[in-house]
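Listed below are the residues making up each chain.
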Amino acid sequence: MNLKLGKAQLLRCPPGTSLQDEGRVLGANYGIPRSGAMDLHGYHWANHLLQNPQQVVALEMAQPGLRIKFEEPCLVSLAGAVAFVTVNQAPISNPSIIAMGSEDILEIGKFRAGARLYLCIEGGFQVEKYLGSGSDFVSITTPAKRSTGETLYYISNQPKTVLKAKPKWTTNWFEPEEIQAYPGPDWELLSPAQHSQLLNQPFHISKLSNRMGIQLDELVVNELEDLPTNPVFPGTVQLTPGGKIIVLMRDAGVTGGYPRILQLTEEAQNRLAQKKTGDPINFQLI
Amino acid sequence: MKPTYQLISPTLGELVWNTDPTDELLSIQFAYLTYIQTNFSTTLLEVRQGFTRLSLVWKNSTSQQEFIQLSGTLNLIPEPLPEKIWQVPVCYSPKFGQDLESFARSKSLSTEEVIQLHTQPRYRIHFFGFLPGFFYLNGLSPKLHLPRKSIPSPAVPPGSVAIGGKQTGIYPIQSPGGWHIIGRSPLPFFDRKQDPPVWAKPGEQIQFILINPTQLENWTDEDTKIFLQ
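Rules and cut-offs
Residues numbered from 1 in each chain as written. Chains lettered and ligands numbered in written order. Predicted model: local features only at pLDDT ≥ 70, side-chain atom pairs only at ≥ 80, totals over all residues. Heavy atoms only, no water. Pairing = 2+ DSSP bridges. Helix = DSSP H or I, 4+ residues; strand = E, 2+ residues; numbered from the N terminus. Axes fitted to C-alpha atoms, helices over the stretch in contact; angles between N-to-C directions. Contact = heavy atoms within 4.5 Å. Salt bridge = Lys/Arg side-chain N within 4 Å of Asp/Glu carboxyl O. Buried < 20%, exposed > 50% of the residue type's maximum accessible area, 1.4 Å probe, protein only. pLDDT = per-residue confidence, 0-100.

Trainee: Honestly, the sheet that holds strand β15 (residues 245–248) of chain A in this entry has me stumped. Any pointers?
Mentor: All names here are of chain A. Overall, mixed pairing links the seven strands, which are arranged β10-β17-β14-β15-β12-β11-β18 in a closed barrel. Taken pair by pair, the neighbouring strands of this sheet meet at an average axis angle of 40°, ignoring direction. The pairing of strand β11 (residues 203–209) with strand β18 (residues 280–285) spans two bridges and is classified as antiparallel. Counted as the bridge partner of Phe 203 is Ile 281 from β18. Its contacts with the sheet put helix α2 (residues 192–200) on β11, β14 (236–239), β15, β17 (260–264) and β18, and the angle it makes with β18 is roughly 125°.

Trainee: What am I meant to see in the pattern of salt bridges here?
Mentor: It is possible for side chains of opposite charge to pair when their charged atoms get near one another. As enumerated under the stated definition, the model contains 20 salt bridges over all chains in all. A salt bridge links Glu 72 of chain A to Lys 4 of chain A, with the nearest nitrogen and oxygen atoms 3.3 Å apart. Remark: Lys 4 of chain A occurs in strand β1 (residues 4–12) and Glu 72 of chain A occurs in the loop between β4 (67–70) and β5 (74–87); sequence separation between them is 68 residues. By relative accessible area, which is 46% here, Lys 4 of chain A ends up partly exposed. A salt bridge links Arg 146 of chain A to Asp 136 of chain A; its shortest N-O distance comes to 2.8 Å. On the criterion of sequence distance, the pair formed by Arg 146 of chain A in the loop between β8 (104–121) and β9 (151–156) and Asp 136 of chain A in the loop between β8 and β9 is long-range, its members being 10 residues apart. For the pair Arg 146 of chain A and Asp 136 of chain A, one class covers both residues: buried. Salt bridges here are not isolated pairs; linked through shared partners, they connect Asp 186 and Arg 260 of chain A together with Glu 14 and Arg 53 of chain B.

Trainee: Is there a simple way to explain the confidence of the model for chain B in this structure?
Mentor: Low pLDDT means the predicted atomic positions in that stretch should not be read closely. Per-residue confidence for chain B averages 96 on the pLDDT scale, and 100% of its residues sit at or above 70. Here the predicted complex scores 0.95 on pTM and 0.94 on ipTM.

Trainee: Help me understand the pairing of strand β10 (residues 167–170) of chain B, please; the structure alone is not making it clear to me.
Mentor: Remark: a regular strand shows side chains that alternate across the two faces of the sheet. All names here are of chain B. Judged by which residues are buried, β10 turns out to be covered on both faces: Gln 167 and Gly 169 on one side and Thr 168 and Ile 170 on the other are all buried. Bridge analysis of strand β9 (residues 160–164) against β10 gives four bridges, and the strand direction is antiparallel. Bridge assignment links Gly 164 to a residue of β10, and that residue is Gln 167. Where β9 hands over to β10, the hairpin turn is made up of two residues, of which Gly 165 adopts a positive phi near 60°.

What follows is the structure in structure tokens.
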């Protein structure tokens, strides 16, 4: 088969846009975070639509505004958040899979639901991989995140026939407020009053949230001292001396010194990744 | 020094030691690491090391249950720690250690005393965390313990040598940071183009060596090679 490298130009790239796959597991020994898609469910679904192999690289967006021009024909898919999408300024009613022609411009408008959108392309974006992953991270990839004016590369074939029955992406799974979690390693250090507050009070997503961690607005009064630094993972919930709750996400460091009070399930991490600033959540213990 | 096993999720758990981090504990952690990596490599996804824990990520819940059954009966012999001592050059001056003078004032010490207390011990590398290539070091003099800054600096330069709480460390890459910056080392601490990307290993030791600002400013790759032999 004659493979041709296509170019995709980021005509406009909003902050918080990065290339992601499932992330890397072998770097923790050197202090390298896992990284990878914040909502793996959305990432996997978009790749499944294109019948992509595992671990292909997709574009993750945390804000609307992307404008991308594909120089060669290709097939793309979108999942995760639900956004208004246009191709050459014409609205697309169901953007699950889109066949892009030569020089076509795809534009992502306002998110109608969810907080993180995945743009996948047949065969994935072509980047150098490190420890089995192409996920962007400072000191691991150059650049460490994506910006306006950059060019991405993909393998351009004549796209496969687009499925006649267009699959519909639903958001039902991330709408509930329940966030399921196991008791963390330091859960037993908390008082009954702290347990009760954590499990019975709604918390809201703070604007101080990024790929390293999602902070919550409400404080939990905390007198615990810092502990010896020990391992943390995506989904570990930390309680700071100031009473702030931080849910560690995919780019978090591999160890931490704050009490580790909860550990979110994989499903809950994906759901949380789709919550917007101000959205309420309720922790539910398993 | 027998650990307990704490189950966190069906596929995540940790070996727990409720003692202060010491060389003795590190020797036992190494023995467990070797044992686990030798015998469970096919069912284990990842091991992460901390000061008083080893966290184990299993491929499935059955593998974790099998390990729990076994772990209570284990009686491992502590593993000797490596003897390698790395010399790490550091320029302690207000120009490169922006918090050196305020740090000394907070501790009622002269800057000379801070430098003397910081360069005296050998520090044991326990593991890497926080950032790629960030050493977690044990051995800071209690005379230099100081809580972290209330407002973190937005951009700490790479090579910055810092103190936070009971710990000292070196920022391998530019990062926001809440530790007090007392100096700068010219060595590279993380380079993904090298294999492995960090030159030191857990268990090895670090000794800080005083250099002056002229030496720091004129540092060459050849100088680095001499230190990293």
